[in-house]
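Working through the structure, step by step
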Amino acid sequence: MTDLTDITTPLAAQAIELPSWAFGNSGTRFKVFGSPGTPRDPFEKISDAAQVHKHTGLAPTVALHIPWDLVDSYSDLRKHAEDNGVGLGTVNSNTFQDDDYKLGSVTHSDPKVRQKAIDHHFACIDVMNETGSRDLKIWLADGTNYPGQDDIRARQDRLADSLAKIYERIGEDQRLVLEYKFFEPAFYHTDVPDWGTSYAHTAALGDRAFVCLDTGHHAPGTNIEFIVAQLLRLGKLGSFDFNSRFYADDDLIVGAADPFQLFRILYEVIRGGGYANPDVAFMLDQCHNIEKKIPGQIRSVLNVQEMTARALLVDTEALKKAQACGDVLGANGILMDAFYTDVRPALAEWRESRGLPGDPMKAYAASGYQEKIEAERVGGTQAGWGA
Ligand code: PSV
Ligand code: MN
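Residues numbered from 1 in each chain as written. Chains lettered and ligands numbered in written order. Predicted model: local features only at pLDDT ≥ 70, side-chain atom pairs only at ≥ 80, totals over all residues. Heavy atoms only, no water.

As recorded in an unreviewed UniProt entry, the protein chain goes by L-rhamnose isomerase and comes from Leifsonia poae.

Here strand β4 (residues 135–138) shows two buried faces, one formed by D135 and K137 and the other by L136 and I138. Note that strand β3 (residues 87–92) and β4 share two bridges and pair parallel. Residue pairing for β4: N92 is matched across the bridge by K137. With respect to chirality, the unit in which β3 leads through helix α4 (residues 111–131) into the neighbouring parallel β4 is right-handed. Pairing between β4 and strand β6 (residues 175–179): four bridges, direction parallel. Each bridged residue has a counterpart across the sheet, and for I138 the counterpart in β6 is L178. (Buried < 20%, exposed > 50% of the residue type's maximum accessible area, 1.4 Å probe, protein only. Helix = DSSP H or I, 4+ residues; strand = E, 2+ residues; numbered from the N terminus. Pairing = 2+ DSSP bridges. Right-handed = clockwise from strand over helix to strand, strands pointing away.)

Glancing now at the site of ligand 1. Near ligand 1, the surroundings consist of H65, F96, K137, W139, E179, K181, D214, H217, D241, D249, D251 and D285. Taking H65, its side chain carries an N or O atom lying 2.6 Å from an oxygen atom of ligand 1. Here ligand 1 has 300 Å² of accessible area as a free molecule, and 91% of this is covered by the chains. A majority-of-atoms criterion places ligand 1 in the largest pocket. Class assignment for the residues of the shell around ligand 1 results in two nonpolar, two polar and eight charged. (Near = heavy atom within 4 Å. Polar contact = N/O pair within 3.5 Å; in protein donor to acceptor, adjacent residues only side chain to side chain. Areas by Shrake-Rupley, 256 points an atom, 1.4 Å probe, with all protein chains shown as cover. 1 Å grid on protein atoms, 1.4 Å probe; cavity = no way out; pocket = protein on both sides within 12 Å on 5 of 7 lines; lining within 4 Å. Sits in = over half its atoms within 2 Å of the grid points. Nonpolar A, V, L, I, M, F, W, Y, C, P; charged D, E, K, R; others polar.)

Inspection of every chain in the model, using the stated rule, returns two cavities of 30 Å³ or more. Space inside the largest cavity adds up to approximately 50 Å³. Along its surface, the largest cavity is lined by W21, G24, N25, K45, W68, A383, G384 and W385. The class makeup of the residues in the lining of the largest cavity is four nonpolar, three polar and one charged. By volume, the second largest cavity amounts to about 30 Å³. If you trace the second largest cavity, you find it lined by L11, A12, Q14, T56, G57, L58, Q305, W350 and R354. For the lining of the second largest cavity, the residue count by class is four nonpolar, four polar and one charged. (Points joined across faces, edges and corners; volume = space filled by probe spheres on them.)

Spatially, β1-β2-β3-β4-β6-β8-β9-β10 is the arrangement adopted by the eight strands of the closed barrel, whose pairing is parallel. Direction aside, the axes of adjacent strands within the sheet are offset by 30° on average. Judged from the four bridges that link them, strand β9 (residues 237–242) and strand β10 (residues 281–284) form a sheet pairing that is parallel. Bridge pairing links D241 to M283 in β10. In the packing of helix α8 (residues 259–271) onto the sheet, the strands contacted are β9 and β10, and the crossing angle to β9 comes to about 160°. (Axes fitted to C-alpha atoms, helices over the stretch in contact; angles between N-to-C directions. Contact = heavy atoms within 4.5 Å.)

Further remarks concern the nonpolar core. Soluble globular proteins tend to pack their nonpolar side chains together in the buried interior. Core analysis: the largest hydrophobic core is formed by 93 residues, its most contacted members being V228, F240, F242 and F282. Excluding residues that lie within four positions of it along the chain, F282 makes contacts with Q14, A15, I16, E17, F240, F242, L266, V269, G274, Y275 and V304. (Core = buried A, V, L, I, M, F, W, Y, C linked by side-chain atoms within 4.5 Å.)

Glancing now at the coordination of the manganese ion (ligand 2). Distances from the manganese ion (ligand 2) to its protein donors, E179 (OE), D214 (OD), D241 (OD) and D285 (OD), fall within 2.1 to 2.2 Å. Taken in chain order, the donor set of the manganese ion (ligand 2) reads E-x34-D-x26-D-x43-D. On the criterion of sequence distance, the pair formed by E179 in strand β6 and D285 in the loop between β10 and α9 (293–312) is long-range, its members being 106 residues apart. The residues E179 and D285 share a single accessibility class, namely buried. (Donors = N, O, S within 2.8 Å, 3.2 Å for Na, K, Ca; no water.)

Encoded structure:
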């Protein structure tokens, strides 16, 4: 089997974008718990995200969410990020927290509401122009709760029309990335429920429009790695939102619920040329409702790195041979050999050789940063959904 020393070059190229919202408070519809040290503004969120990169070398950029991350000066925010050793990344729009959007945003039957949602995306593009961000990521809460509530076919037409207006506004070096989700908050139908719908719309828009695959947005039992393979084949996989789920869109730490699934996904990413490929962005989309947020993000990027290392260890030549001669169990065994390899000691050594802590979780705990923010961030309003 391939050795870790053979895969350090691709491993060193790994970059995982962090969501600013992972550092704010989050919760369920039952309760959002506050926690000591939580950032009060986007600047403090960026400072926390920079800690993850400092200890892992894996997370050089932070995604913003508008309006949660509205600031007076994006050049100041950008400078603050750069001073902390990170950059600003994807801009996420938000058309799910305004009363006007109760029955939909870019799909709404009222042209005034649609225009308001389109204008919000224009404002996001203005932010991107200031932050130097490449990607505008759109996730829509649009859908219906009851059969007959609205004309689902007409909603698709309105969606296509609104997306075309937004797409027209993005710059030559920018991209529109459309995320899908099969349910919630709408429960009967969602206007962008699956990769096929996202593919149909982004294909119609043009070659700067891509699909975002959020690993938590599929029905139980869905073969996500197949979707990865297909979207890479089609040249339309723009980005990942990594997280893990047991039941619904749980937004738990990636790789926590099903490490083998994460391995299979990463194997297909590598197989399809999507690894260390700037066209396929790796991002986290997670919430840390009960665990500490910075260590939660450190654990997450390490999980992605560990499963990437295992996927890179697959002996692809031997696998091809076994597949070609119909050696079913042999081929499966080759994949499983890589999956069962404990890469953690070798990764720790390799990190140290690059001047990073061998154990980033321990290094963060020993750094005193958590105690410092808990002592200093007193007063003000803790950031969270809607902040
Ligand atoms: C809602 O499900 C969601 O988690 C989507 O995945 C978005 O990416 C994210 O929120 C931020 O809007
Ligand atoms: Mn997502």
